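So you can see what is in the structure, the chains are spelled out below.
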Amino acid sequence: MPTGDILVMLKGDVAMGEKQFSQAAKLYDDLYKRKPSPLLAHKLGQAYWAADDKENAAIVLTEAVAKYPNEIRTQYALAIVYSMSGVIIHKPLTCTSLFFN
């Protein structure tokens, strides 16, 4: 049986599956504050987005892209957040600058 941090992440995953997005975000956020990782940043961003907290989704993913510049999944998630929220990016993006900045 999973314990500790793995159990918290699994509870967040279950909450996401049950569409309890705010609960999932809280679980992921508490864990991310203690043990940040690209995977948790991605899950937290998804949970915020699903909970209709677009601003925190963008903040978490933007910080994660800066902290984990080689994490493509997080960069892709941030690009989706930008495109779906209508955020205007003032700096022109190229494939290289978006994914390999």
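Quick summary incoming for the structure in this document. Bear in mind the structure is a predicted one, so any value in this text is a computation, not a measurement.

Conventions we followed
Residues numbered from 1 in each chain as written. Predicted model: local features only at pLDDT ≥ 70, side-chain atom pairs only at ≥ 80, totals over all residues. Heavy atoms only, no water. Axes fitted to C-alpha atoms, helices over the stretch in contact; angles between N-to-C directions. Helix = DSSP H or I, 4+ residues; strand = E, 2+ residues; numbered from the N terminus. Parallel < 35°, antiparallel > 145°, perpendicular 65-115°, else oblique. Left-handed = near helix turned anticlockwise from the far one by under 90°. Contact = heavy atoms within 4.5 Å. Nonpolar A, V, L, I, M, F, W, Y, C, P; charged D, E, K, R; others polar. Phe/Tyr/Trp six-rings, centres within 6.5 Å; stacked < 30°, edge-to-face > 60°. Lys NZ or Arg CZ within 6 Å of the ring centre and 35° of its normal. Buried < 20%, exposed > 50% of the residue type's maximum accessible area, 1.4 Å probe, protein only.

**A few points about the packing of helix α3 (residues 38-50) against helix α4 (residues 54-67)**
Then comes step 1: For the pair α3 and α4, the least separation of the axes is 7 Å and the interaxial angle reads 165 degrees. Looking at the two axes, α3 sits roughly antiparallel to α4. Where α3 crosses over α4, the handedness of that crossing is left-handed. Of the residues in α4, those in contact with Ala41, His42, Leu44, Gly45, Tyr48 and Trp49 of α3 are Lys54, Asn56, Ala57, Val60, Leu61 and Ala64.
Then comes step 2: Within the contact of α3 with α4, the residues separate by chemical class into eight nonpolar, three polar and one charged.

**Quick word on the packing of aromatic side chains**
Then comes step 1: Throughout the structure, instances matching the rule amount to zero aromatic pairs.
Then comes step 2: In this arrangement the basic side chain of lysine 54 is found over the ring face of tryptophan 49, its NZ or CZ atom lying 4.1 Å from the centre.

**Description of the side chain of histidine 42**
Then comes step 1: Relative to the assigned elements, histidine 42 resides in helix α3.
Then comes step 2: Residue histidine 42 is classed as buried on the basis of its relative accessible area of 12%.
Then comes step 3: Once residues within four sequence positions are removed from consideration, histidine 42 is found in contact with Leu61, Arg73, Thr74 and Ala77.

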